[in-house]
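# Structural description and commentary
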Amino acid sequence: MKRIAFAVIAAACACGCVQNEDEPLKMITEATFPPYEFMRGQEIVGIDVEICRVVAQKLGKGFKCENVDFDSVIPAVISGKADVAAAGITVTDDRKKNVDFSIPYVTTGIVVVYSKNNPYTSTEQLKGKRIGVQGGTTSENYVLEQLGQEPERSRSPAEAVAALKAGRVDFVIADIDPAKNCIKGESDLSLSDFITSEDYAVAIRKGRPELLKAIDETISEIKADGRLAKWIAEYTAEADRLKDK
Ligand code: ARG
């Protein structure tokens, strides 16, 4: 009887559904989103990476981080390819149907990036215009649901802003922090105020209460002891320096 139970567990491990104790904690992200995650040479760094590294430490596990398209981040935790999805992911009701979210670690939102020779005035003005977004994001949802039209999808906020500079789109919608980084040093581009309010949290496969508890504890601790604020300041500065180069 025992042997059968063991065989079942071993089979489950092979398909990645049950996590092995000795396995590192696997984070999945999309690293074009400074200061939350971006590339320092070949290395993925940023606030989200720091958060997940602390979760791994708390669980006594090693740590690994992988970079995929934003569309594939949440599917990776659902399939068991990764344990934690941390990518400046906004908590939404739709996503909650498929994954569990930690407590939020940041409250932020999306903004409109515009060219000063085509100033942005109100969301009304966006209707019928070509709007660039990073695919799979809440900015895409905003264009689909609030404006009732198809956006121009890019693989990163920076690529969307490059399309704006080249005149291929009229406006870009993106999360404020990567948007700020994108317009750094671009004297002809500017940002609107927030057009939404959004909370970022870490997403995991449903039904992993211990992992969720470790993430929630981590977030409470790093907020309380100032580590989160310190990472936000440090990684914002580093991403801005990389933009200057
Ligand atoms: N907050 C937005 C969302 O959840 C955008 C996140 C994009 N993150 C990234 N790492 N590219 O849809």
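The text that follows walks through the structure, step by step, so that each part is easy to find. Everything numeric here is computed off the predicted structure, so don't read it as measured data.

### Section: the overall build of the protein
Check the secondary structure of the protein and you find nine helices and 14 strands. Over its C-alpha trace the protein gives a radius of gyration of 19 Å, about what one expects of a compact globule, namely 18 Å for 245 residues. Each of the three principal axes of the protein carries a C-alpha extent, and together these read 75 × 35 × 30 Å. Relative to its 245 residues, the protein shows a buried fraction of 48%.

### A word on the sheet that holds strand 10 (residues 152-154)
What the five strands build is an open sheet, ordered 10-9-11-8-12; its pairing is mixed. Edge positions in the sheet fall to strand 10 and strand 12 (189-191), since each has one partner strand and no second. For this sheet the average axis-to-axis angle between neighbouring strands, irrespective of direction, equals 30 degrees. Sheet analysis places strand 9 (residues 131-134) next to strand 10, joined by three bridges and oriented parallel. Counterpart to Gly-132 in the pairing with strand 10 is Glu-152. Sheet strands touched by helix 5 (residues 138-146): strand 8 (110-115), strand 9, strand 10 and strand 11 (171-175). Its angle to strand 11, the strand with the most contacts, is close to 130 degrees.

### Examining the site of the ligand
In the vicinity of the ligand there are 14 residues, among which Glu-30, Ala-87, Gly-88, Arg-95 and Asp-175 approach most closely. At 3.1 Å from a nitrogen atom of the ligand is found a side-chain nitrogen or oxygen belonging to Glu-37. A distance of 2.7 Å separates a nitrogen atom of the ligand from a polar side-chain atom of Asp-175. Protein chains shield 100% of the accessible area of the ligand, which is 350 Å² for the free molecule. In terms of residue class, the shell around the ligand is made up of five nonpolar, five polar and four charged.

### A word on the sheet that holds strand 6 (residues 99-101)
As summarised here, the arrangement of the five strands in space is 4-1-5-14-6, forming an open sheet in which the pairing is mixed. Where the open sheet ends on each side, the last strands, each with one partner, are strand 4 (63-67) and strand 6. Both strand 6 and strand 14 (residues 203-205) contribute to a ladder of three bridges, which runs antiparallel. Within the sheet, the bridge partner assigned to Phe-101 lies in strand 14 and is Ala-203. Against the sheet, helix 2 (residues 47-58) engages strand 1 (25-29), strand 4 and strand 5 (84-85), with an angle of about 165 degrees to strand 1. Packing against the sheet, helix 8 (residues 209-224) makes contact with strand 1, strand 5, strand 6 and strand 14, and its axis sits at approximately 165 degrees to strand 14.

### Description of the state of the cysteines
Across all of its chains, the model carries zero disulfides by this definition. With no disulfide of its own, Cys-65 lies 7.4 Å from the sulfur of Cys-52, the closest cysteine sulfur. Cysteine Cys-182 is unpaired, with the sulfur of Cys-65 as its nearest cysteine sulfur at 20 Å. Using a relative accessible area of 8% as the deciding quantity, one classes Cys-182 as buried.

### Considering the environment of Ala-160
The topology assignment puts Ala-160 in helix 6 (residues 157-165). Each C-alpha atom, one on Ala-160 and one on Ala-31, is 15 Å from the other, the two residues being 129 residues apart in sequence. Excluding residues that lie within four positions of it along the chain, Ala-160 makes contacts with Gly-132, Val-133, Ser-154, Val-169 and Val-172.

### Regarding the packing of aromatic side chains
For any two aromatic rings, the description comes down to two numbers: the centre-to-centre distance and the angle of the planes. All told, the structure shown has seven aromatic pairs when counted by the stated rule. On the basis of an interplanar angle of 85 degrees and a centroid distance of 5.0 Å, the ring pair of Tyr-36 and Tyr-200 is categorised as edge-to-face. You can see Tyr-36 sitting in the loop between strand 1 and strand 2 (38-40) and its partner Tyr-200 sitting in strand 13 (residues 198-200), a full 164 residues away along the chain. Take Tyr-36: its relative accessible area is 2%, and that puts it in the buried class. Take Tyr-200: its relative accessible area is 0%, and that puts it in the buried class. The structure contains a cluster of three or more aromatic residues connected by ring pairs, namely Phe-33, Tyr-36, Tyr-105 and Tyr-200.

Analysis parameters
- Residues numbered from 1 in each chain as written.
- Predicted model: local features only at pLDDT ≥ 70, side-chain atom pairs only at ≥ 80, totals over all residues.
- Heavy atoms only, no water.
- Helix = DSSP H or I, 4+ residues; strand = E, 2+ residues; numbered from the N terminus.
- Rg over C-alpha atoms; globule rule 2.2 N^0.38 Å.
- Buried < 20%, exposed > 50% of the residue type's maximum accessible area, 1.4 Å probe, protein only.
- Pairing = 2+ DSSP bridges.
- Axes fitted to C-alpha atoms, helices over the stretch in contact; angles between N-to-C directions.
- Contact = heavy atoms within 4.5 Å.
- Near = heavy atom within 4 Å.
- Polar contact = N/O pair within 3.5 Å; in protein donor to acceptor, adjacent residues only side chain to side chain.
- Areas by Shrake-Rupley, 256 points an atom, 1.4 Å probe, with all protein chains shown as cover.
- Nonpolar A, V, L, I, M, F, W, Y, C, P; charged D, E, K, R; others polar.
- Disulfide = S-S within 2.5 Å.
- Phe/Tyr/Trp six-rings, centres within 6.5 Å; stacked < 30°, edge-to-face > 60°.

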